[in-house]
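Take a look at the letters that make up each chain.
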Amino acid sequence: MPNIMPVSDLRNYNEVLKEIAVGEPVFLTKNGRGRYAILDLSEYERIQATIRLLGELEKGEKSGREKGWLSADEIKARFGIENE
């Protein structure tokens with residue numbers, strides 16, 4: 001269940017920080033509406049890495065559509081991978 005608190009609870013930020021764990025961010029509301037999310041730094045870094053990976057995959061897919069796809073044999077030849 002999401003951990004939701006009013007932003008005014010930040011006055012006692014130590015209590016808010018105790019509620020944060022990997023995969024369990026604290027969502028802060030302002031005037032009853034979602035406004036901020038506080039999450040563990042490792043979770044933030046994981047999310048950023050996922051975003052970068054998806055961006056690179058998108059570039060690869062675009063390149064494949066525009067320039068053509070390589071076969072498995074072409075990839076093995078390009079990287080010097082021996083067939084087993």
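Numbering of residues begins from 1 in every chain and follows the order in which that chain's sequence is written. Confidence filtering applies because this is a predicted model: local features only for residues at pLDDT of at least 70, side-chain atom pairs given and counted only at 80 or more, and all residues used for totals across whole chains, interfaces and linings. Working from all heavy atoms in the structure, the side-chain values ignore hydrogens and water.

A short note on the sheet that holds strand β1 (residues 3-6)
Then, number 1: Two strands pair under a simple rule: DSSP has to find at least two bridges between them. Numbering of helices and strands starts at the N terminus; helices are DSSP runs of H or I of at least 4 residues and strands are runs of E of at least 2. Taking strand neighbours across the sheet as the criterion, the three strands line up as β1-β2-β3 in an open arrangement whose pairing is mixed. Strand pairing shows two members of the sheet lacking a second neighbour, β1 and β3 (33-38), which therefore form its edges. In this sheet, neighbouring strand axes are inclined to one another by 35 degrees on average, regardless of whether the strands run parallel or antiparallel.
Then, number 2: Two elements, strand β2 (residues 26-30) and β3, share five bridges in a ladder whose sense is antiparallel. Bridging from a neighbouring strand, lysine 30 pairs with arginine 33 of β3. Comment: axis = line fitted to C-alpha atoms, over the contacting stretch for helices; angle = value between 0 and 180 degrees taken between N-to-C directions.

As for the pattern of salt bridges
Note on pairing: side chains with opposite charge can pair once their charged atoms come close.
Then, number 1: Each salt bridge in this description consists of a side-chain nitrogen of Lys or Arg and a carboxyl oxygen of Asp or Glu lying within 4 Å of one another. Inspection of every chain in the model, using the stated rule, returns four salt bridges.
Then, number 2: A salt bridge links lysine 18 to glutamate 15, with the shortest nitrogen-to-oxygen separation between them at 3.1 Å. One end of the pair is lysine 18 and the other is glutamate 15, both in helix α1 (residues 13-18) and three residues apart, which spans about a single turn.
Then, number 3: Whether a residue is buried, partly exposed or exposed follows from its accessible area with a 1.4 Å probe, protein chains only, as a fraction of its type maximum: under 20%, in between, or over 50%, in that order. Exposure remark for lysine 18: the relative accessible area of 60% places this residue in the exposed category.
Then, number 4: Overall, the relative accessible area of 39% leaves glutamate 15 in the partly exposed class.
Then, number 5: Among the salt bridges present, the one from glutamate 56 reaches lysine 59, with a minimum N-O distance of 3.1 Å.

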